[in-house]
Amino acid sequence: MDMARYARQIALKQIGKENQEKLLEKSVLIIGLGGTGSAAAEMFSRLGVKKLILIDRDKIEITNLNRQILYGMDDLKKYKAETAAAKIREINPDIDVEFYNRAFDADMAYLTGTVDLVFDGTDNMTTRFIINDACDKYGIPWIFTSAIETYGEFKAVVPGKTSCYACFNRDPADLPSCEVSGVMSTIPAIIAMYGVNLAVKVLLNYEIDGSMYFIDGFAFEINRIGIEKNMSCRCCHDKNYVYLGREYSGIGKSILL
Ligand SMILES: [Zn+2]
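**Q** What should I look at first to understand the packing of aromatic side chains in this one?
**A** What describes a pair of aromatic rings is the distance from one ring centre to the other and the angle between the planes of the rings. Enumeration according to the criterion identifies ten aromatic pairs in this entry. Ring geometry for Phe44 against Phe119: centres 6.0 Å apart, planes inclined by 80 degrees, an arrangement best described as edge-to-face. Taken as a pair, Phe44 in helix 3 (residues 35-47) and Phe119 in strand 4 (residues 117-120) lie far apart in primary sequence, 75 residues in all. Of the two residues, Phe44 and Phe119, both sit in the buried class. With a centroid separation of 5.2 Å and an interplanar angle of 65 degrees, the aromatic rings of Phe129 and Tyr165 are classed as edge-to-face. Residue Phe129 is located in helix 5 (residues 125-138), and its partner Tyr165 is located in helix 6 (residues 165-168); the two are separated by 36 residues in the primary sequence. One exposure class covers both Phe129 and Tyr165, and it is buried. Here a set of aromatic residues connected by ring pairs shows up, and it is made of Phe129, Trp142, Phe144, Tyr165, Phe168, Tyr243 and Tyr248. Over the ring of Tyr79 we find Lys59, and its NZ or CZ is 4.9 Å from the ring centre.

**Q** Please clarify how the layout of surface pockets should be interpreted in this entry.
**A** Unfilled space is identified by rolling a water-sized probe across the atoms. Of the volumes computed, that of the second largest pocket is approximately 280 Å³. In terms of lining residues, the second largest pocket is bounded by 14 residues, among which Ile15, Leu47, Val196, Asn197 and Val200 are the most central. For the lining of the second largest pocket, the secondary structure elements donating two or more residues are helix 3 and helix 8 (187-203). Residue contributions to the lining of the second largest pocket peak at five residues, all from helix 8. Each residue belonging to the lining of the second largest pocket can be placed in one class, and the counts come to nine nonpolar, three polar and two charged.

**Q** So what exactly am I meant to see when it comes to helix 3 here?
**A** The periodicity of an α-helix, 3.6 residues per turn, causes residues three or four positions apart to be oriented the same way. Here helix 3 spans 19 Å end to end across 13 residues, near enough to the 18 Å set by a 1.5 Å rise per residue. The element helix 3 is extensively covered by neighbouring structure, given that eleven of its 13 residues are classed as buried. Every buried residue of helix 3 is accounted for by Gly35, Thr36, Gly37, Ser38, Ala39, Ala40, Ala41, Glu42, Phe44, Ser45 and Leu47. One or two steps after helix 3, the chain reaches Gly48, where phi turns positive at roughly 100 degrees.

**Q** What exactly am I supposed to notice about the coordination of the zinc ion here?
**A** For a metal with four tetrahedral donors the ideal donor-metal-donor angle is 109.5 degrees, whereas six octahedral donors ideally subtend 90 or 180 degrees. Coordination of the zinc ion by the protein involves Cys164 (SG), Cys167 (SG), Cys233 (SG) and Cys236 (SG), with metal-donor separations of 2.3 Å. Geometry at the zinc ion is tetrahedral, judged from its four donor atoms and the angles of 98 to 118 degrees they form at the metal. Positions of the donor residues of the zinc ion, expressed as sequence spacing, correspond to C-x2-C-x65-C-x2-C. In this pair, Cys164 sits in the loop between strand 6 (151-157) and helix 6 while Cys236 sits in the segment after strand 8 (221-225), placing the two residues 72 residues apart along the sequence. Each member of the pair, Cys164 as well as Cys236, is classed as buried.

Quick notes on the rules
Residues numbered from 1 in each chain as written. Predicted model: local features only at pLDDT ≥ 70, side-chain atom pairs only at ≥ 80, totals over all residues. Heavy atoms only, no water. Phe/Tyr/Trp six-rings, centres within 6.5 Å; stacked < 30°, edge-to-face > 60°. Helix = DSSP H or I, 4+ residues; strand = E, 2+ residues; numbered from the N terminus. Buried < 20%, exposed > 50% of the residue type's maximum accessible area, 1.4 Å probe, protein only. Lys NZ or Arg CZ within 6 Å of the ring centre and 35° of its normal. 1 Å grid on protein atoms, 1.4 Å probe; cavity = no way out; pocket = protein on both sides within 12 Å on 5 of 7 lines; lining within 4 Å. Points joined across faces, edges and corners; volume = space filled by probe spheres on them. Nonpolar A, V, L, I, M, F, W, Y, C, P; charged D, E, K, R; others polar. Expected span 1.5 Å × (residues − 1). Donors = N, O, S within 2.8 Å, 3.2 Å for Na, K, Ca; no water. Tetrahedral: all angles 85-135°; square planar, octahedral: opposite > 155°, others 65-115°.

Put into structure tokens, the structure is as follows:
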């Protein structure tokens, strides 16, 4: 491995040689390789980790190309996870990459137990509840991200330390989709970059408070909202992992990543 690749991070006081070496021992699972997930995948591959696991059931469409920065015209109709894996190998061959061309559901929840951090690049609440239950069960931190129109949000969930996704969301609801509401080209990458910064801080054991950050990339506004642990939370308090049950196995096409 040529450490010169990481020289600018090693020069940085917030990272340095010791922390860079720590990052190069970390594994990250990225669930959903769309606007936020593909941008995050590229940046994890550049900043340097040991292993990336990618999962997405979708193929690349021309409507994705305004914002999904790992893909181009030659990639149309190819699987996102497989294509992203090939791009990552090109960017940084030192990273071990594994991919799954399928939906993340309860059958795949075990993957969260094999990594140091999970990055959410999905666009629906049901998958996020599955991620949340799996990460709480295995004690693995995850980064929630969401982007639509001209804004987005992100939050770290660190089991045992911060509030979780179920602390402030009770049931899955239908969210507005990028297909209907639209999404500005730049927004998923903006949210993903903040999310990756947060992921790096979690992986390096920086202090994390579990706040939700809202960014409007067109209005240039950033807001932070503290989210306290819910002491009657079904997931992180009661350990009732309903989203890891049979109902959420093999759901394949009913879940859009
Ligand atoms: Zn909770």
